[in-house]
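# Architecture at a glance
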Amino acid sequence: MIADDADRVPLVEPDAEGVAPDLRRQVQEDRLRELVDRLLAGGGLQARRLVDAGVASGADVSLDALERLPMVTKRDLWDHYPHGLRLAPIEDVVCVHGSSGTGGRPTLVPYTAHDVDIWARVMARALGGSGATRQSLVHNAYGYGLFTGGLGVHHGGMRLGATVLPMSGGMTERQIRMLVDLRPDILTCTPSYAIFLGEAMRAGGLAVDSLRAGVFGAEPWTNEMRGQIERLLGLRALDIYGLSEIIGPGVACESLDSGGMLNVAEDHFYVEAVDADGHAVPDGKPGELVFTTLTKTGMPLLRYRSGDVAVLAGPVPGAPRTLRRMSKLLGRTDDMLVVRGVNVFPTEIEAVLLTDERVSPHYLVVEDRRDAARPELRVAVEALAAVDEERLAADLHAALRERLGIGCVVRVLAQGSVPRTEVGKARRFARWTGGEAPLAGLD
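Quick look at the structure, then. Residues take numbers from 1 onward in each chain, read along the sequence in its written order. The predicted origin of the model limits local features to residues at a pLDDT of at least 70 and limits the giving and counting of side-chain atom pairs to 80 or more, whereas totals for whole chains, interfaces and linings rest on all residues. Calculated side-chain values reflect all of the structure's heavy atoms, with hydrogen atoms and water omitted.

Across its full length, the protein carries eleven helices and 21 strands. In terms of overall dimensions, the protein is globule-like: its C-alpha atoms have a radius of gyration of 22 Å, near the 22 Å expected for 443 residues. Principal-axis analysis of the C-alpha atoms gives the protein an extent of 65 × 55 × 45 Å. Under the scheme applied here, a residue whose accessible area is under 20% of the maximum for its type counts as buried, over 50% as exposed, and between as partly exposed, the area being computed with a 1.4 Å probe on protein chains only. Taking all 443 residues of the protein together, the buried fraction comes to 54%. Residues are treated as being in contact if the distance between any of their heavy atoms lies within 4.5 Å. Across the protein, the fraction of contacts at a sequence separation of at least 24, relative to all contacts at a separation of at least 6, is 66%. Shrake-Rupley sampling with a 1.4 Å probe provides the accessible areas, and residues are treated as covered by the protein chains on show and by no other component. As presented, the protein carries roughly 18500 Å² of accessible surface, and 52% of it is formed by carbon and sulfur atoms. Charged-residue counts in this description rest on Lys and Arg as positive and Asp and Glu as negative, His and the chain ends being excluded. All charge positions are set by atom: Lys at NZ, Arg at CZ, Asp at CG, Glu at CD. In the protein, which carries 49 positive and 60 negative side-chain charges, the distance between the mean positions of the two groups comes to 2 Å. To qualify as a helix, a DSSP run of H or I must reach at least 4 residues; to qualify as a strand, a run of E must reach at least 2; elements of each kind are numbered from the N terminus. Atoms counted for the radius of gyration: C-alpha only. Globule rule: 2.2 Å times the number of residues to the power 0.38.

Further remarks concern the sheet that holds strand β21 (residues 429-432). Pairing between the strands of a sheet comes from backbone hydrogen bonds, and it takes one of two forms, parallel or antiparallel. An order of β20-β19-β18-β21 is seen for the four strands of this open sheet, with the pairing classed as mixed. Unpaired on one side and paired on the other, β20 (409-413) and β21 mark the two borders of the sheet. If you compare each strand with its neighbour and ignore which way they point, the axes differ by 25 degrees on average. For strand β18 (residues 359-368) and strand β19 (residues 376-383), the ladder comprises seven bridges, and the chain directions are antiparallel. Each bridged residue has a counterpart across the sheet, and for Asp 368 the counterpart in β19 is Glu 376. Strands qualify as paired when DSSP identifies two bridges or more between them. Only C-alpha atoms enter the line fits that serve as axes; for helices the fit covers just the stretch in contact. Angles between N-to-C directions range over 0 to 180 degrees.

Our focus in this paragraph is the packing of helix α5 (residues 113-129) against helix α6 (residues 149-160). When two helices pack together, you describe them by how their axes are tilted relative to each other and by the distance separating the axes. Two elements in contact, α5 and α6, have axes separated by 7 Å at closest approach and are oriented at 75 degrees. When the interaxial angle is binned, α5 and α6 end up roughly perpendicular. Residues Val 116, Asp 117, Trp 119, Ala 120, Arg 121, Met 123, Ala 124, Leu 127 and Gly 128 of α5 pack against Leu 151, Gly 152, Val 153, His 155, Gly 156, Gly 157, Arg 159 and Leu 160 of α6. Classes in brief: Ala, Val, Leu, Ile, Met, Phe, Trp, Tyr, Cys and Pro nonpolar; Asp, Glu, Lys and Arg charged; the others, Gly included, polar. Counted by class, the contact of α5 with α6 contains nine nonpolar, five polar and three charged residues. For classification purposes, angles smaller than 35 degrees are called roughly parallel, those larger than 145 roughly antiparallel, those between 65 and 115 roughly perpendicular, and all remaining angles oblique.

With a 1 Å grid spanning the protein atoms alone, the term cavity applies to any set of points in which a 1.4 Å probe fits but cannot get out, the term pocket to an open set with protein on both sides within 12 Å along at least five of seven lines, and the term lining residue to any residue with an atom within 4 Å of a point. Grid points are joined across faces, edges and corners, and a volume is the space filled by probe spheres set on the points. One pass over the structure, following the stated rule, counts four cavities of 30 Å³ or more. Considered as a void within the structure, the largest cavity measures approximately 140 Å³ in volume. Ser 192, His 362, Pro 419, Ala 426 and Arg 428 are the residues nearest the centre of the largest cavity, which is lined by 14 residues in total. Reported here for the second largest cavity is a volume of approximately 120 Å³. Around the second largest cavity, the lining comprises 15 residues; the ones closest to its centre are Glu 17, Arg 125, Ala 126, Cys 253 and Asn 263.

Spatially, the four strands line up as an open sheet ordered β10-β11-β12-β15, and their pairing is antiparallel. A single partner strand is all that each edge strand has here, and the edge strands are β10 (269-274) and β15 (331-332).

Here the idea is simple: oppositely charged side chains can pair when their charged atoms come close. The working definition used for a salt bridge is a side-chain nitrogen of Lys or Arg within 4 Å of a carboxyl oxygen of Asp or Glu. Counted according to the given criterion, the structure contains 30 salt bridges. Glu 13 is the salt-bridge partner of Arg 121, the closest N and O atoms lying 2.9 Å from each other. You can see Arg 121 sitting in helix α5 and its partner Glu 13 sitting in the segment before α1 (14-17), a full 108 residues away along the chain. On the accessibility criterion, Arg 121 (25% relative accessible area) is partly exposed. Judged by relative accessible area, Glu 13 falls into the buried class, the value being 17%. Sharing partners across several salt bridges, the network here consists of Glu 13, Arg 121, Arg 125 and Asp 267.

What follows covers the packing of aromatic side chains. For this analysis, a ring pair means two rings from Phe, Tyr or Trp (six-membered ring only for Trp) whose centres lie within 6.5 Å, classed as stacked if their planes differ by under 30 degrees, edge-to-face if by over 60, and tilted for the remaining angles. Applying the stated criterion across every chain, the model contains four aromatic pairs. For the pair Phe 216 and Trp 221, a centre-to-centre distance of 6.1 Å together with 75 degrees between the ring planes defines the contact as edge-to-face. A positively charged side chain is recorded as over a ring if its NZ (Lys) or CZ (Arg) lies within 6 Å of the ring centre. The angle to the ring normal must also be within 35 degrees. The ring of Tyr 111 has Lys 296 lying over it, and the distance from NZ or CZ to the ring centre is 5.4 Å. Between Lys 328 and the ring centre of Trp 221, over which it is positioned, the NZ or CZ distance is 3.4 Å.

Below, the discussion takes up helix α3 (residues 45-52). Count 3.6 residues to each turn of an α-helix, and residues three or four apart come out pointing the same way. When α3 is considered as a whole, its buried residues turn out to be Leu 45, Gln 46, Ala 47 and Leu 50. Each element contacted by the buried residues of α3 is listed here: α2 (21-42) and α4 (74-79).

What follows deals with the nonpolar core. Among the nonpolar cores identified, the biggest contains 47 residues, and Tyr 241, Phe 269, Leu 289, Phe 291 and Met 326 are the most heavily contacted of them. The residues touching Met 326, leaving out its near neighbours within four places in the chain, are Tyr 241, Ala 252, Met 261, Leu 262, Val 264, Leu 289, Ala 310, Val 311 and Leu 312. Buried Ala, Val, Leu, Ile, Met, Phe, Trp, Tyr and Cys residues form a nonpolar core when they are joined through side-chain atoms within 4.5 Å.

This paragraph deals with the side chain of Thr 112. Position of Thr 112 relative to the elements: it lies in strand β2 (residues 107-112). The exposure class assigned to Thr 112 is buried, which follows from its relative accessible area of 5%. What qualifies as a polar contact is a pair of N or O atoms within 3.5 Å, subject to a donor-acceptor requirement within protein and to the restriction that residues adjacent in sequence count only when both atoms come from side chains. Of the polar contacts made by the side chain of Thr 112, one reaches the side chain of Thr 297; its length is 2.6 Å.

Right, let's get into α5. Compared with an ideal rise of 1.5 Å per residue, which puts 17 residues at 24 Å, α5 spans 24 Å between its outermost C-alpha atoms and is within 8% of the ideal. Counting buried positions along α5 yields 13 of 17 residues, so the element is predominantly enclosed. Gly 131 lies just past α5 and shows a positive phi near 100 degrees. Every helix has an expected span of 1.5 Å times one less than the residues it contains.

Relative to each other, helix α8 (residues 191-203) and helix α9 (residues 223-233) sit at 35 degrees, their axes nearing to 9 Å. You can see that α8 and α9 cross each other, and the crossing is left-handed. The segment α8 lies against α9, with Pro 191, Ala 194, Ile 195, Gly 198, Glu 199, Met 201 and Arg 202 engaging Met 225, Gln 228, Ile 229, Leu 232 and Leu 233. The residue makeup of the contact of α8 with α9, split by class, is eight nonpolar, two polar and two charged. Whether a crossing is left-handed or right-handed is set by the direction in which the near helix is turned from the far one by less than a right angle, anticlockwise for left-handed and clockwise for right-handed.

Residues Leu 137 and His 139 point to one face of strand β3 (residues 137-140) and Val 138 and Asn 140 to the other, with burial holding for every one of them. Sheet topology places β3 next to strand β4 (residues 163-166); four bridges connect them, and they run parallel. Each residue of the ladder has a partner; that of Leu 137, found in β4, is Thr 163. Pairing between β3 and strand β5 (residues 186-189): three bridges, direction parallel.

Turning next to the environment of Gly 341. The residue Gly 341 is located in the loop between β16 (337-339) and β17 (342-344) in this model. Separated by 40 residues in sequence, Gly 341 and Leu 301 have C-alpha atoms that sit 35 Å apart.

Read these as layout, nothing more, since geometry by itself doesn't imply function.
Next up, the structure:
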């Protein structure tokens, strides 16, 4: 894809976003060596692994030989709970954020003031890429708290000089009142909540024509859902990606001129894509994303396996942004289903469902393993209007078989059957091993 002048938006940090790739690579390599020196000096798990790999100083490493360096996983963070792999002294930590973990324990991440500044900068770039300016009003409906979404947008909007409305999640009636009265031009929230807002406004006979773009993330979503959101809200729907372990939202973000992929803030977060054995995969081939935090100081990570699966690519030819790009998430290494020998990512199912204009964006995929010898995929959907339910179920069954290579049990349910959420991530997957069905009507 060649960049279209009509879609181009100014760079927030031209020296970082628009620099020649070979010059950026030299900066990345210098930062990598500084990172390794800091890790070795700080001791701990990552330092021990570097020494075991034969690394005595940053001078021993290079981007070309990155693959020989050890990796870090979420299990390493859980094993070192609650402080994780903190490198900075406690007096330098200014805040702690986190994400879900096991046994009720979150994955906690310490941030220094330097880290928060980096976060604000990359988030300012992300919002700027959506067309936000100092004149913008950003309606921020991501949750505030331990979760990084709300505060990440808040830091970035303030750094950009925009006005941020800190709505947080939930309170839909109040959200709609603010949208109607204040007329923001940028909306930030999860994609599932964007649909919830759009449907609530439509049901109330309300519309907001001021929104120009939305920056939606915190959960995987497909281009088919993008179309649903854009039709409901009348804006450009853009994807944002991040994870608390690396910085939070802002690790990568789609811009109006990025050709449907997300620009990676690779001057701060060096990205690789690897196969199951940890070997690099070429651009254009799905792989697990591995990140190195080149500039963080609170809990810097060398080659962190994210578990997220995507495709990497170079910049859009001719575009002012020269950053490498990643696709929308294709799934996670730990949410891939293996059903009767076939690998299935839930996002593949969503892509089929939302291509059909009769299907609403509210659905539930159920892995039915009540009979371990005969596992089934069951898919519950809601129709947007009165339809021939048997015909819709048959059409979706055929389309899913064509896409996935296996048959699925499809059930068309009444509107409102699939639970909605105003706060947090939408629940779109369940596992059924016995007892009551996760949703009425699945049998």
